[in-house]
Amino acid sequence: MDRSINFYNGILGMEIVERKISPRGSQLVFLRFPGTNCELELCSFSGSGNIEVPEDLVHLAFQVEDLEWCMTKLEEEGVSITEGPIEAENGTRFIFTEDPDKYEIELMQYSKK
């Protein structure tokens, strides 16, 4: 959980909205980007064991204002960009990276056209 909180809060800049323990003992942390209403819930339940995330099965995508800044921040933090940057025909640019648990993360900057 600490590695995930560092990634989403410390590197991606999401704010911690709430931390609590669920009735069954799961550690829950709710985060969101400043100025948004959409929350991401991180859940850790030690009794569930290790979870393997199959490649290309699932990913989270976040719109960013400045993809160059994000790439610089990831590099400074030692987080690899696994694909990209790529520019689509409509001018949208994006990269892929992974969180500490290997969930694929897409960061995209829409074209300002």
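What this report covers is the structure whose coordinates are included nearby. Remember, it's a predicted structure, so these values are computed and weren't measured experimentally.

With respect to the sheet that holds strand 1 (residues 15-21)
Backbone-to-backbone hydrogen bonds pair the strands of a sheet. The strands run either parallel or antiparallel.
Step number 1: Within the open sheet, the 3 strands sit side by side as 1-2-3. Their pairing is antiparallel. Two strands bound the open sheet, and with one partner strand each, they are strand 1 and strand 3 (40-44). The average undirected angle you get between the axes of adjacent strands in this sheet is 20°.

Some thoughts on the nonpolar core
Step number 1: By size, the foremost hydrophobic cluster in this structure holds 20 residues, and its most contacted members are Phe7, Tyr8, Leu42, Phe62 and Leu107.
Step number 2: At the level of secondary structure, the elements contributing two or more residues to this core comprise helix 1 (2-11), strand 2 (27-32), strand 3, helix 2 (67-76) and strand 7 (104-109).
Step number 3: Beyond its immediate sequence surroundings of up to four residues, Phe62 is in contact with Tyr8, Leu12, Met14, Phe33, Ile105, Glu106, Leu107 and Met108.

Looking at helix 1
Step number 1: What helix 1 keeps buried is the set Ser4, Ile5, Phe7, Tyr8 and Ile11.
Step number 2: Of the residues trailing helix 1, Gly13 is marked for its positive phi of about 85°.

Looking at the sheet that holds strand 6 (residues 93-98)
Step number 1: As summarised here, the arrangement of the 4 strands in space is 4-7-6-5, forming an open sheet in which the pairing is mixed. Here the strands that pair on one side only, and so sit at the sheet edges, are strand 4 (59-63) and strand 5 (81-87). Across this sheet, the average inter-strand angle for adjacent strands is 15°, counted without regard to direction.
Step number 2: With 6 bridges connecting them, strand 6 and strand 7 associate as antiparallel partners. Along strand 7, the bridge assignment pairs Arg93 with Gln109.
Step number 3: With respect to the sheet, helix 2 is in contact with strand 5, strand 6 and strand 7, its orientation differing from that of strand 6 by roughly 20°.

Re the pattern of salt bridges
Step number 1: Scanning the model with the defined rule gives 5 salt bridges in all.
Step number 2: Asp101 is the salt-bridge partner of Arg3, the closest N and O atoms lying 3.2 Å from each other. Here Asp101 lies in the loop between strand 6 and strand 7 and Arg3 lies in helix 1, a separation of 98 residues in the sequence.
Step number 3: Glu98 serves as the salt-bridge partner of Lys102, at 3.7 Å between the closest nitrogen and oxygen.
Step number 4: Using a relative accessible area of 31% as the deciding quantity, one classes Glu98 as partly exposed.

What counts, and at which threshold
- Each chain carries its own residue numbering, running from 1 in the direction its sequence is written.
- For a predicted model such as this one, the threshold for reporting local features is a pLDDT of at least 70, and the threshold for listing and counting side-chain atom pairs is 80 or more; totals across whole chains, interfaces and linings nevertheless cover every residue.
- To get the side-chain values, all heavy atoms of the structure are used, and hydrogens and water are removed first.
- Strand pairing follows a simple DSSP-based rule, namely that at least 2 bridges must link the two strands.
- Only runs of H or I of at least four residues qualify as helices and only runs of E of at least two qualify as strands under DSSP, and these elements are numbered from the N terminus.
- For every element, the axis is a line fit to its C-alpha atoms; helices are fit only across the contacting stretch, and the angle between N-to-C directions ranges from 0 to 180 degrees.
- Among the buried residues, those of types Ala, Val, Leu, Ile, Met, Phe, Trp, Tyr and Cys that are joined through side-chain atoms within 4.5 Å form a nonpolar core.
- The buried label applies to any residue whose accessible area, calculated with a 1.4 Å probe on protein chains only, is under 20% of its type's maximum; exposed applies above 50%, and partly exposed to all values in between.
- Should any heavy atoms of two residues lie within 4.5 Å, those residues are counted as being in contact.
- Here, a salt bridge means any side-chain nitrogen of Lys or Arg that lies within 4 Å of a carboxyl oxygen of Asp or Glu.

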